[in-house]
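Notes for the structure review
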Amino acid sequence: MKNIGKHLGTTICLSAVLLVCLGLGASHVWAEDKATVKIGIVYSSSGSQAHSGLQEANVIKMLVDEVNAAGGVNGHPVRAILENDDTQTEKSVNAAKKLVFSNKVHVLMGANTSSAIKAIQQQVTEVQKVPYISMVGSDPALTKLGQQWYFRNSLSADYQTGSIIDYAMNVQKLKTFAMIFDAASASDQAKAFEEGLKKAGITLVAKGQFKTGDTSFNSQLLKIKQANPDALVTIGVAPEAAGIAKQVRDLGMNARIIGLVAIVYDEYITLGGSAAEGTIAASAFRVDNPDPNVQAFVKKYKSKFNESPDHAAAQTYDALQVLFKALRDVKLGLTDDALVEDRKQIRDALTRINDYNGVVGHLSYGPKDRDAYHKTLVVEVKGGKWTVVKSAK
Amino acid sequence: MTYILLGLTIGAIYALIAIGFSLIFETVKLLHFAQGELLMLGGFVALTLIGLFGLNPIIVGLGTMAAVGFFAAFLQRVVYQSVPSHLIAVRIMATLGVAIFLRNAASLTWGAKARTIPEAFFPGGPIAVAGLIIRPGYYWTLIVSIAVMALLLWFLYRTKIGLATRTVAYRADIAEMMGVNPVLLCTLSFGIAGALAGISGLLVSPQTFVHFNMGIALNQKGFTAAVLGGLGSIPGGIIGGFVLGLIETIGGSLIPSGYQDVISFVILVLVLFIRPQGLMGQVQREKL
């Protein structure tokens, strides 16, 4: 009996604590301003894509502060809710679900890898009908499967490969190509590149695979070395690509490294050192673009965060500006009941964005075309810096 | 030839981690799953020391070993020793907890971006062997790790403290009767294992870069090497490490490279099936 009494006491105590917690939680919800526009952002502040995720978060905070200081959008304050996904696809999906179901955001943005973006589309935004803008992601399939709610504010691999291959073959006179690609997260981009080469009449002389997080690529590279290619196409993200570049040189190979926009970050050069020199890739953004619009953005970013903005930062800047433009274009209810209608209105407003002059380039969306950019610059590492070698046609 | 050289270099790192596992397992009777995180700490400490003292390999190398060694000894004294030794599951969970703590602490302290030790850190120029250019980072990994292993073997088998350590590993109660302080020696073992992990973190960084998650994969490889060689056997750990490095590099060139990591798992399972005591391990029977 004594025991039961003891347990009863504990139970009552715990229940009381629980009730207090629930009460606090509820009052917290009540305190929230109902008439805010809520933007949910899934980003990587840790993991292999942290270098781009952190820049995205910088830009988002900067722009949201600016717009709120200027009185918000149509008089409504904007609130950005950020969730870290640790660059892990499962966590990206969980973060997106939390933002959509629990925070009831009006728009979802972000995720730092194509695989995470694809998972969020399939499991959250397309099903729940939430407008979703990503600032990176180059997998062609992201916009090819008839997605209704998704907008890509970056370059699809489809629009990168042609320009890169053209530059590699006709300017650099490279003849034989081998490829090493991240089979876990970039096999669609690899396929797009291989098809691009095929169109130019080239078959790969050797092919190897790795997965995100790998550190030793020697056995794959030794196999590729036997084929002695002029160029090695590396489809992956910056840290792994830098490791590959280093090990390629360590093995005494002279092959030119070619990559997609996913490696065009300063991190690739810092990690790769001298091995990064001569690497060819594609990008939509150039930090040295003389356009006053671009220079104003670069200066603002540099003075605030003490580093140079990369293309992910620039693409985030454009994505948010375009979103604000779309938000100004509609009359939102901003209540729980109006949520479904609000989301639909925002989606429709985004499809009407036409020829917006951003810091990356001119961007347009349509009811069918969900790729913001179609034009590519070809860049090369020269003297430890990404340098534009071919401008957009 | 190329495969063998590359296999030996990565094998040397596996061996250093495997020795740490075995040393701690023998003396403290603990599977220390935060060994890879100590290695990660070694990489970051080395980077910090390079920032403070410049590219001085001797100061940075010894400093890293000392810092991570002392930290590991501190972990043993403060965390692991406070868990009673019969709670085996709790002790293993404690090592996993320490591993998670260290990963997050490192990402908060040093940031989430991968970093690298400058190429000029390793003295000497590239040398040509059998038509292959070997960079200083690679041959110094081999030289330093073999030297460290030799030193450890000498210490364990030729000095009095080494004898005492092995006695504690054999029977702690007998060692205590002989006037040896097992608590002190367990701390020392942890210190040595930490120093080994620290130096391997420094050595491996030219190949893998330094980032807060680097310990996870290497931990698994080191553990496989330790089991392969015979958990608890120091020479076994050395052989296990080199064998695993060679099999991975050579095997990886024969099968589709996406499956390269499967090799170490398959080996782990096979060893546990066919020869659970490992290559160099001795069969231990429970005496009633």
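Conventions used here
Residues numbered from 1 in each chain as written. Chains lettered and ligands numbered in written order. Predicted model: local features only at pLDDT ≥ 70, side-chain atom pairs only at ≥ 80, totals over all residues. Heavy atoms only, no water. Helix = DSSP H or I, 4+ residues; strand = E, 2+ residues; numbered from the N terminus. Rg over C-alpha atoms; globule rule 2.2 N^0.38 Å. Buried < 20%, exposed > 50% of the residue type's maximum accessible area, 1.4 Å probe, protein only. Contact = heavy atoms within 4.5 Å. Areas by Shrake-Rupley, 256 points an atom, 1.4 Å probe, with all protein chains shown as cover. Lys, Arg positive; Asp, Glu negative; His and termini not counted. Charge placed at Lys NZ, Arg CZ, Asp CG, Glu CD. Salt bridge = Lys/Arg side-chain N within 4 Å of Asp/Glu carboxyl O. Nonpolar A, V, L, I, M, F, W, Y, C, P; charged D, E, K, R; others polar. Polar contact = N/O pair within 3.5 Å; in protein donor to acceptor, adjacent residues only side chain to side chain. Pairing = 2+ DSSP bridges. Phe/Tyr/Trp six-rings, centres within 6.5 Å; stacked < 30°, edge-to-face > 60°. Lys NZ or Arg CZ within 6 Å of the ring centre and 35° of its normal. Expected span 1.5 Å × (residues − 1). Domains from an automatic or database assignment. Buried area = accessible area lost by both parts, 1.4 Å probe. Axes fitted to C-alpha atoms, helices over the stretch in contact; angles between N-to-C directions. pLDDT = per-residue confidence, 0-100.

Looking only at helices and strands, chain B has 11 helices and two strands in total. Secondary structure elements in chain B, listed N-terminal to C-terminal, are α-α-α-α-β-β-α-α-α-α-α-α-α. At 19 Å, chain B has a C-alpha radius of gyration in line with the 19 Å of a compact globule built from 288 residues. Taking the principal axes of its C-alpha atoms as reference, chain B extends roughly 60 × 45 × 35 Å. Per-residue burial for chain B yields a buried fraction of 54% across its 288 residues. For chain B, the share of sequence-separated contacts (at least 6 apart) that also reach a separation of at least 24 residues comes to 75%. Of the roughly 13,100 Å² of accessible surface on chain B, 73% is carried by carbon and sulfur atoms. Across chain B, the mean location of the 15 positive side-chain charges is 4 Å away from that of the 8 negative side-chain charges.

Before going further, it helps to spend a moment on the interface of chain A and chain B. The interface of chain A with chain B comprises 34 residues on the first partner and 26 residues on the second. Inspection of the chain A/chain B interface yields zero salt bridges. Those elements that place two or more of their residues in the side of chain A that touches chain B are helix H2 (50-69), strand S7 (206-210), helix H7 (218-227), helix H8 (238-250) and helix H9 (266-272) of chain A. Here the residues of the side of chain A that touches chain B are counted per class, giving six nonpolar, 18 polar and 10 charged.

Moving on: the side chain of His-32 of chain B. All names here are of chain B. Of note, His-32 is situated in the loop between helix H1 (2-28) and helix H2 (35-53). Residue His-32 is classed as buried on the basis of its relative accessible area, which comes to 0%. A distance of 2.9 Å separates the side chain of His-32 from the side chain of Gln-35, its partner in a polar contact. What His-32 contacts, discounting residues up to four positions off in sequence, is Phe-21, Ile-24, Leu-38, Tyr-80, Thr-95 and Phe-190.

As a further point, take the pairing of strand S14 (residues 385-390) of chain A. Residues and elements named next belong to chain A. By the bridge criterion, five bridges tie strand S13 (residues 377-382) to S14 in an arrangement that is antiparallel. Its bridge partner lying in S14, Glu-380 is registered against Thr-387. Joining the antiparallel neighbours S13 and S14 is a turn of two residues, in which Gly-383 adopts a positive phi near 60°.

Moving on: the packing of aromatic side chains. Inspection of every chain in the model, using the stated rule, returns 16 aromatic pairs over all chains. Judged by centre distance (4.9 Å) and plane angle (70°), the rings of Phe-151 of chain A and Tyr-365 of chain A are edge-to-face. Taken together, the residues span a long stretch of sequence, with Phe-151 of chain A in strand S5 (residues 150-152) and Tyr-365 of chain A in the loop between strand S12 (362-363) and S13 at a distance of 214 residues. For the pair Phe-151 of chain A and Tyr-365 of chain A, one class covers both residues: buried. Considering the side-chain rings of Tyr-139 of chain B and Trp-140 of chain B, the 6.2 Å spacing of their centres and the 40° angle between planes classify their relative orientation as tilted. We note Arg-347 of chain A situated over the ring of Trp-149 of chain A; from NZ or CZ to the ring centre the distance is 4.1 Å. For the cation-ring pair, Arg-370 of chain A lies above Phe-151 of chain A, with the distance from its terminal atom to the ring centre recorded as 4.5 Å.

Let us look at H2 of chain A. All names here are of chain A. Between its first and last C-alpha atoms H2 spans 28 Å; for 20 residues at 1.5 Å apiece the expected length is 28 Å, and the two agree. H2 sits mainly inside the fold: 14 of its 20 residues count as buried. A positive phi of about 100° marks Gly-71, the residue just after H2.

Residue and element names in this part refer to chain A. Here chain A is partitioned into domain 1 (2-155 + 290-360) and domain 2 (157-283 + 377-390). Each of domain 1 and domain 2 has a C-alpha centre, and the two are 32 Å apart. Between domain 1 and domain 2, the residue contacts involve 18 residues of the former and 18 residues of the latter. Counting the surface lost from both domain 1 and domain 2, the interface buries some 1,400 Å², and carbon and sulfur atoms represent 56% of this.

Now for the sheet that holds strand S4 (residues 132-134) of chain A. Residues and elements named next belong to chain A. Strands sit in the order S2-S1-S3-S4-S5 across an open sheet of five strands; the sheet is parallel. Here the strands that pair on one side only, and so sit at the sheet edges, are strand S2 (78-84) and S5. Going from strand to strand, the sheet's axes swing by 20° on average, the running direction of each strand aside. Bridge analysis of strand S1 (residues 37-43) against strand S3 (residues 107-110) gives four bridges, and the strand direction is parallel. Looking at S3, one finds that Ile-39 is bridged to Val-107. Lying over the sheet, helix H3 (residues 89-102) contacts S1, S2 and S3, oriented at roughly 170° with respect to S1.

What follows concerns the confidence of the model for chain B. Residue and element names in this part refer to chain B. Summarising the model, chain B shows a mean pLDDT of 85, and 95% of its residues fall at 70 or more. The element-level mean pLDDT for chain B is lowest in strand S2 (residues 132-134), coming to 73, with helix H3 (residues 57-78) highest at 93. Across the interfaces of the predicted complex, the ipTM metric reaches 0.72, alongside a pTM of 0.77.

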